[in-house]
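So you can see what is in the structure, the chains are spelled out below.
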Amino acid sequence: MARGKKNPVDNAHEPLAKLLAVLSSPWTMLLLHRLHMEGPKRFGELRRRLGSISTKTLTDRLRMLEAEGWIHRHYEPTVPPQVTYTLAKRVLELDPVMIELDRIAERWYGGRKKGK
């Protein structure tokens, strides 16, 4: 995280507060959803698939999720090095939540035209 800024996850003492702190971090749900729907991805692929996310924000989110045990980082010492990110098995417990959020998002926003 940036200097001077505290990670909200560090301040979450109750289990639910900690879970919500991780999930509510900007881009986290979209990142998890992308890995869930599309499988393992390299950094550049994630950045392209997420659109307007900055390199710094993506790096911060991936580091946070790895530290929390939500994703795995696999490093291949090739030239250039290859790093692949995958979901940890524990995140699969979020499947019903992610599927339902997908359904709600499609109902609420899927049929809309841009600008409406």
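Look up: the structure comes first, before these words.
Values in this document were obtained by computation on a predicted structure and should not be read as measured data.

Engineer: I'd like to hear about the packing of helix H3 (residues 43–50) against helix H4 (residues 55–67), residue by residue, with values.
Structural biologist: Running from N to C, H3 and H4 cross one another at 115 degrees; their axes reach a closest spacing of 11 Å. The two elements H3 and H4 cross, and the hand of that crossing is right-handed. For the pair formed by H3 and H4, the contact residues are Phe 43, Leu 46, Arg 47 and Leu 50 on the first element and Thr 55, Leu 58, Thr 59 and Leu 62 on the second. Considering only residue class, the contact of H3 with H4 consists of five nonpolar, two polar and one charged.

Engineer: Can you break down the packing of aromatic side chains residue by residue, with the values?
Structural biologist: The tally for this structure, following the rule as stated, stands at one aromatic pair. Judged by centre distance (6.3 Å) and plane angle (70 degrees), the ring pair of Trp 108 and Tyr 109 falls under edge-to-face.

Engineer: Go over helix H2 (residues 28–38) with me, naming the residues and quoting the values.
Structural biologist: Those residues of H2 lying buried are Thr 28, Leu 31, Leu 32, His 33 and Leu 35. The positive-phi residue at the C-terminal boundary of H2 is Gly 39, with phi of around 85 degrees.

The rules behind the values
Residues numbered from 1 in each chain as written. Predicted model: local features only at pLDDT ≥ 70, side-chain atom pairs only at ≥ 80, totals over all residues. Heavy atoms only, no water. Axes fitted to C-alpha atoms, helices over the stretch in contact; angles between N-to-C directions. Helix = DSSP H or I, 4+ residues; strand = E, 2+ residues; numbered from the N terminus. Left-handed = near helix turned anticlockwise from the far one by under 90°. Contact = heavy atoms within 4.5 Å. Nonpolar A, V, L, I, M, F, W, Y, C, P; charged D, E, K, R; others polar. Phe/Tyr/Trp six-rings, centres within 6.5 Å; stacked < 30°, edge-to-face > 60°. Buried < 20%, exposed > 50% of the residue type's maximum accessible area, 1.4 Å probe, protein only.

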